[in-house]
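Examination of the molecular architecture
Here's the letter readout for the chains.
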Amino acid sequence: MSTLLEMRGISKAFAGVKALEDINFTVRQGEIHAVVGENGAGKSTLVKVLSGVYPHGSYDGSIVYDGRERHFRDINDSEALGIIIIHQELALIPLLSIAENIFIANPPSRFGMIDRDAVYKRSQQLLAKVGLNEAPDTLVTNIGVGKQQLVEIAKALSKEVRLLILDEPTASLNESDSAALLDLLVEFRSQGMSAILISHKLNEVARVADRITVLRDGRTVDTMDCQASTIEEDRIIRKMVDRDLEHRFPKREPTIGEPVFKVENWSVYHPLHAGRQVIKNVDFQVRRGEIVGIAGLMGAGRTEFAMSLFGRSWGRRITGRALLHGREVDLSTVSRAIDAGLAYVTEDRKQLGLLLADDVRKNITLANLGSVSSGHVIDDIKEMRVASDYRNRMRIRCSDVYQASGNLSGGNQQKVVLSKWLFTDPEILILDEPTRGIDIGAKYEIYCIINELADAGKAVIMISSEMPELLGICDRICVMNEGAFVGEFDRSEATQEKIMRVIVRKGERLVDRDLQRSSAEELSGGALR
Amino acid sequence: MSDKTATLPGTREHAGFVKTNLREYGMLLSLFAIMLFFELVTDGTLLRPLNLTNLVLQNSYIVIMALGMLLVIVTGHIDLSVGSVAGFIGAIAAVLMVRYGVHFIPATIACLALGALIGAAQGYWVAYFKIPSFIVTLAGMLVFKGLALAVLQGQSVGPFSPTFQKLSSGFIPELFPGAGTLYPTSLLIGAALALGLVYISVKTRARRASHGVEVEPTSFFALKNAILVGVVIYFTYLIASHRGLPNVLVIMVALIALYGFVTTRTTIGRQIYAVGGNEKAAKLSGIKTERLTFLTFVNMGVLAALAGLVFAARLNTATPKAGLGFELDVIAACFIGGASAYGGVGRVAGAVIGALIMGVMNNGMSILGIGIDYQQVIKGLVLLGAVCLDVYNQRR
Ligand SMILES: Nc1ncnc2c1ncn2[C@@H]1O[C@H](COP(=O)(O)OP(=O)(O)OP(=O)(O)O)[C@@H](O)[C@H]1O
Ligand SMILES: [Mg+2]
């Protein structure tokens, strides 16, 4: 196989931080080359250098593509040569249709006017190619994240693609959507397309990749050939973190006490569609020292349930009782919920979690400014101490606590959000997809922290789409579907099959677009009012 | 995972430090450059004690309103009504004091309270009904312009009582009269202010250093403070050789100090910036975003009222035209001073410097005899240039 791309001696530094150091990286014609590494290892930066997001001259080293050295000034230069990147954060415009999004940059036109028929027809073909069964004039906001990801790929295919770069494409997808996407990638490979796949999900990397490059601290540690020998996940992990991770999940002897937090007859209506009951009179409880998982498909109402509890941050006409230590508590505003001892770690760190322009320190103390200040005056030394402490404890990779959180890698941003809530010292911690986009080592650390909290007598509620994670650390798993709990399993009896069966049995109507809508649209747009 | 990339406290080099701080001081340097320029081309008229005093008096109301506007802009909003509100309050003050003979103290209090009420009325729609502030305050601008006309019945009302005029054209009382042309009390206050500032910065630096927080290099720090002391003392000297410190300057400095403190050191200040930075995230962190937005408008109303009083006292009459176009100067001051139109970014010092840049340019160009037409053209270009430069700096 001939070499399509060769990156030689690439180095890139941001003010104070060396993100890449002397990276050598090649992609052959028609291979899927996976790039793995811890959060902040430099994966996103590498592909941004390649695609011209960071223009020639802002990095050291050379890029040879298709036999010639290239100096990309911007992303248009690389796209012209068939290098198409799909970024870690989706970049679709929610209130435009699928077709308009696909052809946003250069729509087919006639006499200087957009040729709507051609847009529609070509979108249809592209959607068929990626296996997305939606009308091209559907608004993007009305489809779920999984389908949005497919639209991104269709958008990429609308251009001449020779090298497709996917930065954590499956991070927010459930297992079946992920599998579909990877199958698509394999199919494209058979048609001769090359791809760079960045992912933290090592099982899928091992499944589709021809070669795997491991980055650590901005350097290439190793490139493994998957055809020569079968690569085990453990080996990749060892290279990534430079140590052995014996277990994926830390061990813990749960000591579970009395129920601390109870929700009775909780009902929530949709904020925009008045008649739609999204959470249907559910009961829920969590005990001292217990980790309860909530499983379910996207759009099942898990996030909506959590956010409606947390200061009525989602939904309307919220009714039901919430009891803390057997006494009814007022959770009607976020600050009351925080005072009562609740914390909610959002799944959407960019929109709902972080002040991206502000530094790590300000983000960490934001929800608990009172304890770093006396009489409303902030004690900056104390604040810095607290922030540095969390930085070390959570191993947040940043140049210092004064670095803007928007400049951190995705996984490190997640750790900042988590730190913010740990600092409020909650009694009931609700985690919504806490390990999304987080590397294996950091995941393990987060599991350890969750365990510590539980051991300290706190109650943890964990919403996750990653089944193994729920099975690995939860004492009890509740399955939610269409706004109601449809099953509950104890740690000892829970298996992936059993949970899936409950989800699927109840979940046939999930193809219904209405439900998909509730996850995508309102969580980003209409969530907080 | 290692912290290899982390910088240890105190290890950054001088050059690097100066570079990262250049943006912060860039604004101040531009102000000095502009002052130097006009000082030269006006043959030293700009910094004559009389002119300098006038410059302070002329711009005091803009500075006062810029403090409120900064907070409004930081929360991600805008207030177009401040000029009209200032004019309207001036009119009310005149009617109360001149027509009805109300004593100036209750009248002033009533006017400030009315300002708060106006701010509350506008902030209510913005904060709780989510009506874009641009629209609400555009409406407010029309409403209060009209009301000012109605209250004054189209005429100018004045003059005010001499005590009220002192608010704007008075000077602090001299404790040591007969010391020749200089006003020693003012000089002493200036010196005390300079020393106080140095004391605070030395203390803060020592405290930070003792806790291992990165501090600026000693040479840089000493230089900065020396310049600060020099500038403060020089300016009070100039002002003291005219008639001493104007009352309104004292009010202004006190307000600047207060707002500077609130925005940088207090929890409420931090929360205001958080609202502007990411309202949803702030709300999910337990911050009462609506109430804060509401309060910034109330605060703006009070400051607009104060500015209206100062302006009326200065002109010694209330005219229907008072306050016309003030909002533009005030908003421009904030943006020149580095505030972001997207919210979440902006500093009190920046807004004050922005206001002074505008003031110095107005004053200098008037001395040069440049017509009001080209003055506006130049001011517009400066606004655009300053913001472009800032955006460019951020991109780097
Ligand atoms: N614009 C920036 N300014 C300063 N530092 C940056 C910037 N962008 C990235 N970095 C730093 O560069 C390093 C590499 O970041 P990058 O986003 O490439 O990591 P990553 O491997 O993609 O991580 P993740 O798995 O969390 O997405 C990080 O330490 C990050 O803080
Ligand atoms: Mg990344």
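Residues numbered from 1 in each chain as written. Chains lettered and ligands numbered in written order. Predicted model: local features only at pLDDT ≥ 70, side-chain atom pairs only at ≥ 80, totals over all residues. Heavy atoms only, no water.

Concerning the overall build of chain A
Condition: We count a stretch as a helix when DSSP gives it H or I for four or more residues in a row; a strand needs E for two or more, and each element gets its number in order from the N terminus. The quantity called the radius of gyration is restricted to C-alpha atoms. Its globule counterpart is 2.2 Å times the number of residues to the power 0.38. Only protein chains enter the accessibility calculation, which uses a 1.4 Å probe. A residue is then buried if its area is under 20% of the maximum for its type, exposed if over 50%, and partly exposed in between. We call two residues in contact when some of their heavy atoms are within 4.5 Å. In this charge count, Lys and Arg are treated as positive and Asp and Glu as negative; neither His nor the chain ends contribute. For charged residues, the charge sits on one atom: NZ in Lys, CZ in Arg, CG in Asp, CD in Glu.
Counting secondary structure elements, chain A contains 18 helices and 24 strands. For chain A, the C-alpha radius of gyration of 24 Å lies close to 24 Å, the compact-globule estimate for 529 residues. C-alpha extents for chain A along the principal axes are approximately 70 × 50 × 50 Å. Relative to its 529 residues, chain A shows a buried fraction of 59%. Partitioning the intrachain contacts of chain A with sequence separation of at least 6 by distance along the chain shows that 69% fall at a separation of at least 24. The centroid of the 68 positive side-chain charges in chain A is displaced by 2 Å from the centroid of its 75 negative side-chain charges.

Remarks on the side chain of S44(A)
Residue and element names in this part refer to chain A. Where we set the bar: Two N or O atoms form a polar contact when they lie within 3.5 Å of each other; inside protein one atom must be a possible hydrogen donor and the other a possible acceptor, and for residues adjacent in sequence the pair counts only when both atoms belong to side chains.
Note that S44 resides in helix α1 (residues 43-51). With a relative accessible area of 18%, S44 lands in the buried category. Side-chain polar atoms of S44 contact the side chain of D167, separated by 2.7 Å. Not counting the four nearest positions on each side in its chain, S44 is found in contact with Q88, D167 and I198.

Considerations on the sheet that holds strand β18 (residues 342-345) of chain A
Strands in a sheet are paired, the pairing made by backbone hydrogen bonds, and the direction either parallel or antiparallel. Residue and element names in this part refer to chain A. Basically, it comes down to this: Strand pairing is defined by DSSP finding a minimum of two bridges between the two strands. Here an axis means a line fitted to C-alpha atoms, over the contact stretch when the element is a helix, while the angle between two N-to-C directions is reported on a 0 to 180 degree scale.
Taken together, the six strands give an open sheet; going across it, the order is β18-β21-β22-β15-β23-β24, and neighbouring strands pair in mixed fashion. What marks the edges here is a single partner per strand, and that holds for β18 and β24 (484-490). Ignoring which end each strand starts from, the neighbouring axes of this sheet average 20° apart. Here helix α14 (residues 410-422) sits on the sheet in contact with β18 and β21 (428-432), set at roughly 175° to β18. Sitting on the sheet, helix α15 (residues 440-455) is in contact with β15 (291-295), β21 and β22 (459-463), with an inclination near 145° to β22.

Observations concerning the domain arrangement of chain A
All names here are of chain A. This is how the line gets drawn: Domain borders in the structure are assigned automatically or taken from a domain database. Accessible surface is computed with a 1.4 Å probe, and the buried area is the amount of it that two parts give up when combined, taken over both parts together. Counted as salt bridges are all cases of a side-chain nitrogen of Lys or Arg within 4 Å of a carboxyl oxygen of Asp or Glu.
On domain assignment, one finds that chain A holds domain 1 (3-241), domain 2 (258-341 + 426-501) and domain 3 (350-425). With 18 residues of domain 2 at the contact, the number on the domain 3 side is twelve residues. Carbon and sulfur atoms supply 69% of the area buried between domain 2 and domain 3, which totals about 1,200 Å² over both sides. On the domain 2 side of the contact with domain 3, P426, E445 and I449 bury the most area, a combined 37% of that side's loss. Where domain 2 meets domain 3, there are two salt bridges. A salt bridge links E445 to R395; the shortest N-O distance between them is 3.5 Å. Contributing elements (two or more residues each) for the side of domain 2 that touches domain 3: β21 and α15. Broken down by element, the residue count for the side of domain 2 that touches domain 3 peaks at five residues, all from α15.

So, the packing of aromatic side chains
Selection criterion: Here a pair means two rings of Phe, Tyr or Trp (six-membered ring of Trp) with centres within 6.5 Å. Their orientation is stacked below 30 degrees between planes, edge-to-face above 60, and tilted elsewhere. The rule for a charge over a ring is simple: NZ of Lys or CZ of Arg within 6 Å of the ring centre, and within 35 degrees of the ring normal.
In the structure shown here, the tally under the stated rule is 20 aromatic pairs over all chains. With centroids separated by 5.7 Å and ring planes inclined at 80°, the aromatic side chains of F284(A) and F305(A) adopt a geometry described as edge-to-face. Here F284(A), found in strand β14 (residues 277-287), pairs with F305(A), found in helix α9 (residues 302-309); they are 21 residues apart in sequence, far enough to count as distant. Members of the aromatic cluster, connected to one another through ring pairs, are Y124(B), W125(B), Y128(B), F129(B) and F294(B). One Lys or Arg, K12(A), reaches over the ring of Y54(A) and ends 4.5 Å from the middle of that ring. Stacked on the ring of Y269(A), the Lys or Arg R317(A) has its end atom at 3.8 Å from the ring centre.

As for the interface of chain B and chain A
In plain terms, the rule: Gly counts as polar in this scheme, as do all residues outside two lists: the nonpolar Ala, Val, Leu, Ile, Met, Phe, Trp, Tyr, Cys and Pro, and the charged Asp, Glu, Lys and Arg.
Each side of the interface is counted separately: chain B has 30 residues, and chain A has 52 residues. When the two sides are added together, the surface that chain B and chain A hide from each other amounts to roughly 3,400 Å², 54% of it contributed by carbon and sulfur. Connecting chain B to chain A are four salt bridges. A salt bridge links D380(A) to R208(B); the nearest nitrogen and oxygen atoms lie 2.9 Å apart. Taken together, the connections running from chain B to chain A amount to ten residue pairs in polar contact (both at pLDDT 80 or more). Elements that contribute at least two residues to the side of chain B that touches chain A include exactly α7 (184-210), α9 (247-265), α10 (267-277) and α11 (279-284) of chain B. Class assignment of the residues belonging to the side of chain B that touches chain A gives a composition of nine nonpolar, eleven polar and ten charged.

With respect to the pairing of β21(A)
All names here are of chain A. Our working rule: Handedness of a crossover is defined as follows: orient the strands so they point away from the viewer, and if the path from the first strand over the helix to the second runs clockwise, the crossover is right-handed.
Here β21 lies mainly inside the structure; five of its five residues are buried. Residues I428, I430 and D432 line one face of β21 and the alternating positions L429 and L431 line the opposite face, and both faces are buried. Pairing analysis gives four bridges linking β18 to β21, with the strands arranged parallel. Bridged to V345 within β21 is L431. Two elements, β21 and β22, share five bridges in a ladder whose sense is parallel. Note that in β22 the partner of D432 across the bridge is I463. Regarding the hand of the β-α-β motif, the stretch spanning β21, α15 and β22 is right-handed.

Observations concerning the domain arrangement of chain B
Residue and element names in this part refer to chain B. Domain annotation of chain B identifies domain 1 (34-170 + 246-395) and domain 2 (171-245). Domain 1 and domain 2 are separated by 26 Å when their C-alpha centres are compared. Each partner contributes to the roughly 1,100 Å² buried at the junction of domain 1 and domain 2, and carbon and sulfur atoms together form 76% of this total. Run the count over domain 1 and domain 2 and you get zero salt bridges. On the surface where domain 1 and domain 2 come into contact, there are one residue pair in polar contact (both at pLDDT 80 or more). For the side of domain 1 that touches domain 2, the elements supplying multiple residues, two or more each, are α2 (49-74) and α9. Classifying every residue of the side of domain 1 that touches domain 2 by side-chain character gives nine nonpolar, four polar and no charged.

Looking at the confidence of the model for chain A
To keep things clear, this is the line we draw: Known as pLDDT, the predictor's confidence for each residue is given on a scale from 0 to 100.
When the pLDDT values of chain A are averaged, the result is 85; 93% of them are 70 or greater. Below a pLDDT of 50 lies the segment residues 507-529 of chain A, which in the model reaches 60 contacts outside its immediate sequence neighbourhood of four places, other chains included.

A closer look at the pattern of salt bridges
For the structure shown, the criterion picks out 37 salt bridges over all chains. The network of salt bridges with common partners includes R252(A), D455(A), D475(A) and R491(A).

Regarding the confidence of the model for chain B
Residues and elements named next belong to chain B. When pLDDT is averaged across chain B, the result is 88; 92% of the residues are at 70 or more. Contacts for the low-pLDDT stretch residues 1-13, under 50 throughout, to residues beyond four places or in other chains number 27 contacts. Across the whole predicted complex the pTM is 0.85, and at the interface the ipTM reaches 0.86.

Some details on helix α4 (residues 104-129) of chain B
All names here are of chain B. Quick note on the threshold: Expected helix span is taken as 1.5 Å per residue step, with the number of steps being one fewer than the number of residues.
Given a rise of 1.5 Å per residue, 26 residues ought to cover 38 Å, and the 37 Å separating the end C-alpha atoms of α4 matches this to within 8%. Those residues of α4 that fall on the buried side of the exposure criterion are A107, T108, C111, G115, A116, I118, G119, A120, Q122, G123, V126 and A127. Among the structural elements, α3 (82-99), α5 (133-152), α6 (162-169) and α12 (289-315) are those in contact with the buried residues of α4. Once α4 ends, the next one or two residues include K130, with phi positive near 60°.

Here we look at the environment of A128(A)
Residues and elements named next belong to chain A. Locating A128 in the fold gives a position in helix α4 (residues 116-130). Look at A128 and you get exposed, because its relative accessible area is 57%. As for A128 and A154, which are separated by 26 residues in sequence, their C-alpha atoms are 9.0 Å apart.

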